[in-house]
Amino acid sequence: DKLNEKQNIENKATIIIKEEKKIATKYEIAQRNLIFYMFKDNNIIKLFYKRVMYMPTESYRFLSNEIKFYYQDCGDFHIADFLTRIMNHPHYELLQQTINEINSLNLKEACSNEEIEDYINTINEYTINNEVERIKRKIKETNDAVKKAELTQELINLKLRGNNNV
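Given the structure is predicted, the values throughout are model-derived calculations rather than measurements.

Overview of the overall build of the protein chain
Now for step 1: In terms of helices and strands, the protein chain carries eight helices and zero strands.
Now for step 2: Reading the secondary structure of the protein chain in the N-to-C direction produces α-α-α-α-α-α-α-α.
Now for step 3: Put simply, the protein chain has 166 residues, and 33% of those count as buried.
Now for step 4: Long-range pairs, those at least 24 residues apart, make up 63% of the contacts in the protein chain between residues at least 6 apart in sequence.
Now for step 5: Surface exposure of the protein chain reaches about 11500 Å², of which carbon and sulfur atoms provide 48%.

Okay, here's the thing in structure tokens:
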């Protein structure tokens, strides 16, 4: 009997479901941390819309743009009022999920200007790097010497802009 039990146990397949934890890139970390602090400080919202070129991650882009629009309309950001405002948004579920993700971060309540600058520069670095790659592909694809020269100048300007931290 014990032999049969042992064989039954050995014959049963054990299914282990592992929750995949995606490792966040430095760009994703910079985006979500910047948004976390946008929830806390209107000055960071102002910096965002003056300095950030583009949020690469769709969910963070939707949320940061909604925060920016809310701030521009209301002149001050209050999370409770913001949550009420987005309830009828076509991307409400995505926005709510992203807000929950960001609110669950264990970040300190305040951060330095240097940290905010680092987040902004990291986000903009991603955008510049992607644009550089796009221009390089266009240069390779074209046979027109004038167009190649224009694209090369565009590439130089973009790299200079990146080196100047926008």
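Regarding the pattern of salt bridges
Pairs can form between side chains of opposite charge whenever their charged atoms are close.
Now for step 1: Here the structure, examined in full by the defined rule, presents eight salt bridges.
Now for step 2: As a salt-bridge pair, E109 and K40 come within 3.4 Å of each other at their nearest N and O atoms. Separated by 69 residues along the polypeptide, E109 in the loop between helix 6 (92–103) and helix 7 (113–141) and K40 in helix 2 (residues 26–40) bring together distant segments of the chain.
Now for step 3: Residue classification places E109 among the exposed positions, given a relative accessible area of 57%.
Now for step 4: A residue is classified by how much of its surface remains accessible, and K40, at 42% relative accessible area, is partly exposed.
Now for step 5: Linking R51 and E117 is a salt bridge whose minimum nitrogen-to-oxygen distance equals 2.8 Å. Taken as a pair, R51 in helix 3 (residues 42–51) and E117 in helix 7 lie far apart in primary sequence, 66 residues in all.
Now for step 6: Three or more residues joined by partner-sharing salt bridges are found here, namely E131, R134 and E154.

Quick look at the packing of helix 3 against helix 4 (residues 58–74)
Any two packed helices are characterised by how steeply their axes cross, that is the angle between the axes, and by the distance between the axes.
Now for step 1: Two numbers describe how helix 3 lies on helix 4: the axes approach to 10 Å, and their chain directions differ by 110°. Accordingly, the angle class assigned to the pair helix 3 and helix 4 is roughly perpendicular. Relative to helix 4, helix 3 is oriented so that their crossing is left-handed. Here N42, I45, K46, F48 and Y49 of helix 3 lie close against helix 4, whose contacting residues are S64, N65, I67, K68, Y71 and Q72.
Now for step 2: When grouped by side-chain class, the residues that make up the contact of helix 3 with helix 4 number five nonpolar, four polar and two charged.

Side note on the nonpolar core
Now for step 1: Core analysis: the biggest nonpolar cluster contains 28 residues, and L34, I35, L63 and I67 have the highest contact counts within it.
Now for step 2: At the level of secondary structure, the elements contributing two or more residues to this core comprise helix 2, helix 3, helix 4, helix 6 and helix 7.
Now for step 3: If you tally residues by element for this core, the top one is helix 2, at seven residues.
Now for step 4: Apart from residues lying up to four places away in sequence, L63 is in contact with I35, F39, F82, L95, T98, I99 and I102.
Now for step 5: Counting seven residues, the second largest nonpolar core, distinct from the first, contains I128, V132, I135 and L158.

As for helix 3
Now for step 1: Every buried residue of helix 3 is accounted for by I44, I45, F48 and R51. The buried residues of helix 3 occupy an angular sector of 155° when the element is viewed end-on, so they sit on one face.
Now for step 2: Elements that come into contact with the buried residues of helix 3 comprise helix 2, helix 4 and helix 7.
Now for step 3: Of the residues flanking the start of helix 3, the one acting as N-cap is D41, its side-chain oxygen 2.8 Å from the backbone nitrogen of N43.

Thoughts on the environment of L158
Now for step 1: If you trace the backbone, L158 turns up in helix 8 (residues 145–163).
Now for step 2: The spatial distance from the C-alpha of L158 to the C-alpha of I135 is 9.8 Å, given a sequence separation of 23 residues.

What counts as what
Residues numbered from 1 in each chain as written. Predicted model: local features only at pLDDT ≥ 70, side-chain atom pairs only at ≥ 80, totals over all residues. Heavy atoms only, no water. Helix = DSSP H or I, 4+ residues; strand = E, 2+ residues; numbered from the N terminus. Buried < 20%, exposed > 50% of the residue type's maximum accessible area, 1.4 Å probe, protein only. Contact = heavy atoms within 4.5 Å. Areas by Shrake-Rupley, 256 points an atom, 1.4 Å probe, with all protein chains shown as cover. Salt bridge = Lys/Arg side-chain N within 4 Å of Asp/Glu carboxyl O. Axes fitted to C-alpha atoms, helices over the stretch in contact; angles between N-to-C directions. Parallel < 35°, antiparallel > 145°, perpendicular 65-115°, else oblique. Left-handed = near helix turned anticlockwise from the far one by under 90°. Nonpolar A, V, L, I, M, F, W, Y, C, P; charged D, E, K, R; others polar. Core = buried A, V, L, I, M, F, W, Y, C linked by side-chain atoms within 4.5 Å. Arc of directions from axis to C-beta. Polar contact = N/O pair within 3.5 Å; in protein donor to acceptor, adjacent residues only side chain to side chain.

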